[in-house]
Amino acid sequence: MAWLDRLLGDDQAVCEDRDIAATLAELTAQVAVDALQQRAAKTPELLVCDGRAHNHQVMQRLAALLGPGVAVVSTAARGMAPKRVEALAFAWLAQTFLQRRAGNLSSVTGARGRRVLGALHPAG
Amino acid sequence: MSGTSLDGVNAVLATARAADTHSALNDLAFVHQPFNAELRAELRAELLALNTPGINEIHRAALAANAVARAYAQPVQQLLLQAGVAASAVTALGAQEQTVRHRPLEFDETGYTVQLINSDAAVARTTRLALGPPVARSTLQS
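Nothing here was measured: the structure is a model prediction, and the numbers come from that model. (Residues numbered from 1 in each chain as written. Chains lettered and ligands numbered in written order. Predicted model: local features only at pLDDT ≥ 70, side-chain atom pairs only at ≥ 80, totals over all residues. Heavy atoms only, no water.)

1. Focus: the overall build of chain A
Helix and strand counts for chain A stand at five helices and three strands. Listing every helix and strand of chain A by position from the N terminus yields α-α-β-α-β-α-α-β. Taking 124 residues into account, the globule formula puts the C-alpha radius of gyration at 14 Å, and chain A, at 19 Å, lies well above it. Principal axes of the C-alpha set define a box for chain A whose edges measure 55 × 35 × 30 Å. In chain A, which comprises 124 residues, the share counted as buried stands at 32%. In chain A, the share of contacts with a sequence separation of at least 24, taken over all contacts with a separation of at least 6, comes to 49%. (Helix = DSSP H or I, 4+ residues; strand = E, 2+ residues; numbered from the N terminus. Rg over C-alpha atoms; globule rule 2.2 N^0.38 Å. Buried < 20%, exposed > 50% of the residue type's maximum accessible area, 1.4 Å probe, protein only. Contact = heavy atoms within 4.5 Å.)

Right, here's the structure in full:
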């Protein structure tokens, strides 16, 4: 909110809450679509997780920006509750670490290569 | 894990079909534990403050790491109770750290990353029920 307050500055008084919410939804959708088109332009289906999957405006904007070639659906449609996905990602990272497999995409994190991520703290 | 928004902790209990293969995870139980407003404001302000140089950072970072570990303890206990699973049956607790400095490839290209959680405290606090699982610290940034 501090970030948003700073950006809005003196315009805050004249902006309607619904316009601010719509702008944030548009930003969320645009950023996701930009990333998808850069990294995986041929994706036929976009699975959306977390709060965004329940945000009608975000889902609608994603679908509109991506066009008819990409199905935009909640992860619930593939059997996983949207709110569980991020926590499961960390279970996956832990599993990946325990198997000593690389868990990073160096193109995303800026690392030089693929690396086993994390550290083990044994109990007892 | 809690993530950068610090609105609470999401914890999931999952099984893998085999430990030695790249198998899919199945989620058995899920808990969302919201932070109370005071803890959230305090931890958030301190983690943000630790992003920039300040006084007595080592001590303050250690206390913040303790706070992150404490925040994970209750949801993990709740998750195990909810699923009826003993801590001894858990292979590992994958805990997300909170990033306060991330400087990859700088300083002679060695770089560094500082991410906070007191993993030993996390083990101690989440293993009261039975024998403890190891904590595998996992992070998306490396």
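2. A closer look at a nonpolar patch on the surface
Residues and elements named next belong to chain A. Judged by side-chain polarity, W3, L7, L24, L27 and V31 come together as a nonpolar surface patch covering roughly 480 Å² of accessible area. Those elements giving two or more residues to the nonpolar patch turn out to be α1 (2-8) and α2 (17-39). For the nonpolar patch, the leading source of residues is α2, giving three residues. Structurally, W3 can be placed in helix α1. (Patch = residues over 30% accessible without salt bridge, like charges linked within 9 Å, V, L, I, M, F, W, Y side chains within 5 Å. Areas by Shrake-Rupley, 256 points an atom, 1.4 Å probe, with all protein chains shown as cover. Salt bridge = Lys/Arg side-chain N within 4 Å of Asp/Glu carboxyl O.)

3. A word on the packing of α2(A) against helix α3 (residues 56-66) of chain A
Helix-helix packing: each pair is described by the crossing angle between the helix axes and the interaxial distance. Residues and elements named next belong to chain A. Look at α2 against α3: their axes get within 9 Å of each other, and the N-to-C directions meet at 40°. The angle between the axes of α2 and α3 places the two elements in the oblique class. Read as a crossing pair, α2 and α3 show a hand that is right-handed. Counted together, A25, E26, T28, A29, Q30, A32, V33, L36 and Q37 of α2 and Q57, V58, R61, L62, L65 and L66 of α3 form the full contact between these two elements. Across the contact of α2 with α3, the residue classes tally to nine nonpolar, four polar and two charged. (Axes fitted to C-alpha atoms, helices over the stretch in contact; angles between N-to-C directions. Parallel < 35°, antiparallel > 145°, perpendicular 65-115°, else oblique. Left-handed = near helix turned anticlockwise from the far one by under 90°. Nonpolar A, V, L, I, M, F, W, Y, C, P; charged D, E, K, R; others polar.)

4. Some remarks on the environment of B:S88
In this fold, B:S88 is placed in the loop between α2 (57-83) and β3 (93-96). A sequence separation of 57 residues divides B:S88 from B:V31, and the C-alpha atoms of the two residues are 19 Å apart.

5. Re the nonpolar core
Counting residues in hydrophobic clusters, the biggest one holds 20 residues, and the most contacted among them are B:L47, B:L50, B:Y72, B:L116 and B:I117. Breaking this core down by element, the ones donating at least two residues are α1 (37-49), α2 and α3 (119-126) of chain B. Not counting chain neighbours up to four residues away, the residues in contact with B:L47 comprise B:L6, B:A64, B:Q98, B:V100 and B:L116. Residues A:A25, A:A53, A:V58 and A:L62 belong to the second largest nonpolar core, which totals 13 residues. (Core = buried A, V, L, I, M, F, W, Y, C linked by side-chain atoms within 4.5 Å.)

6. Here's the deal with the domain arrangement of chain A
Residues and elements named next belong to chain A. According to the domain assignment, chain A contains domain 1 (2-80) and domain 2 (83-124). Between the C-alpha centres of domain 1 and domain 2 there is a distance of 26 Å. Counting residues at the interface gives five residues for domain 1 and five residues for domain 2. For the pair domain 1 and domain 2, the summed buried area comes to about 450 Å², and 65% of that belongs to carbon and sulfur atoms. If you sort the residues of domain 1 by the area they bury against domain 2, R39, D50 and M80 come out on top, with a joint share of 76%. Where domain 1 packs against domain 2, one counts zero salt bridges. Remark: the boundary between domain 1 and domain 2 carries zero residue pairs in polar contact (both at pLDDT 80 or more). (Domains from an automatic or database assignment. Buried area = accessible area lost by both parts, 1.4 Å probe. Polar contact = N/O pair within 3.5 Å; in protein donor to acceptor, adjacent residues only side chain to side chain.)

7. Considerations on the packing of aromatic side chains
One pass over the structure, following the stated rule, counts one aromatic pair over all chains. When the ring of B:F107 is compared with that of B:Y112, the centres are 5.7 Å apart and the planes differ by 15°; the resulting orientation is stacked. Judged by its relative accessible area of 44%, B:F107 falls in the partly exposed class. Its relative accessible area of 33% is what places B:Y112 among the partly exposed residues. Over the aromatic face of A:F97 sits the side chain of A:R100, whose NZ or CZ is 4.6 Å from the ring centroid. (Phe/Tyr/Trp six-rings, centres within 6.5 Å; stacked < 30°, edge-to-face > 60°. Lys NZ or Arg CZ within 6 Å of the ring centre and 35° of its normal.)

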